[in-house]
Amino acid sequence: MDDPTAAPGAHLRPQPRADSRLNSLLDSRLDSWPAHLATAAATGLVTTLMPVQRWSRGARWTMHGGTGVLAAAGTALVVRHPERFGITDRPRTSHPQALAVAAPAVVVGVAVAGASRGGQAVDAWAERRLVARGVRRPRLWMGLGAAGLSLAMSVGDRRRAARQAQASPGSDGGDGEPGAGG
């Protein structure tokens, strides 16, 4: 910054992060078939073994509220510091006002808590329908279905990414790191 030969404003440009190689390695490991299979298996197990509608009312609302609070906190962090998450390359010269951070955080938090509660209602409805139809072990079938849907979504995501990579040959994600950004 004290170099008189440096271009004006050079100190404001984002510097390459030392941990970008680690992030790239972690991203590639998380976008692998073993990771997708593990996610599908975990989804199936959680669906099978954790019928949330059977929890106490306080435990259910703690889970829904906690999920909403975590989503709101994450949203506030991203809105306040977008450069930390690769959303912008320009460092901020000032932080946004409290309302500009709180409003989207509250909206996202309430939406996520509502979606969590809605998911619980759909889960309970599906289990009741399966029981009414005489299906033995409905939670097991629901878990298998959830695992299958999770895996199908992973396949779809990978196919979409492959099509995008073919549509833009030579693209490396925009910052010189293979796989970064898309």
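Report on the accompanying structure. (Residues numbered from 1 in each chain as written. Predicted model: local features only at pLDDT ≥ 70, side-chain atom pairs only at ≥ 80, totals over all residues. Heavy atoms only, no water.)

## Topic: unusual backbone geometry
A positive phi is found at R137, a non-glycine position, where the angle reads about 55 degrees. Note that R137 resides in the loop between α4 (98–132) and α5 (138–167). (Helix = DSSP H or I, 4+ residues; strand = E, 2+ residues; numbered from the N terminus.)

## Here we look at a nonpolar patch on the surface
A cluster of nonpolar side chains, contributed by L45, V46, L49 and M50, occupies part of the molecular surface with about 390 Å² of accessible area. Along the polypeptide, L45 turns up in helix α2 (residues 33–49). L45 gets classed as exposed once you look at its relative accessible area, which sits at 52%. (Patch = residues over 30% accessible without salt bridge, like charges linked within 9 Å, V, L, I, M, F, W, Y side chains within 5 Å. Areas by Shrake-Rupley, 256 points an atom, 1.4 Å probe, with all protein chains shown as cover. Salt bridge = Lys/Arg side-chain N within 4 Å of Asp/Glu carboxyl O. Buried < 20%, exposed > 50% of the residue type's maximum accessible area, 1.4 Å probe, protein only.)

## A look at the packing of α4 against α5
At their nearest, the axes of α4 and α5 sit 9 Å apart, and the two run at 125 degrees to each other. Taken together, the axes of α4 and α5 are oblique relative to one another. Crossing handedness for the pair α4 and α5: right-handed. Contact with α4, carried on its side by D123, A126, E127, L130 and V131, involves P138, R139 and M142 of α5 and no other residues of that element. Looking at the contact of α4 with α5, its residues break down into five nonpolar, no polar and three charged. (Axes fitted to C-alpha atoms, helices over the stretch in contact; angles between N-to-C directions. Parallel < 35°, antiparallel > 145°, perpendicular 65-115°, else oblique. Left-handed = near helix turned anticlockwise from the far one by under 90°. Contact = heavy atoms within 4.5 Å. Nonpolar A, V, L, I, M, F, W, Y, C, P; charged D, E, K, R; others polar.)

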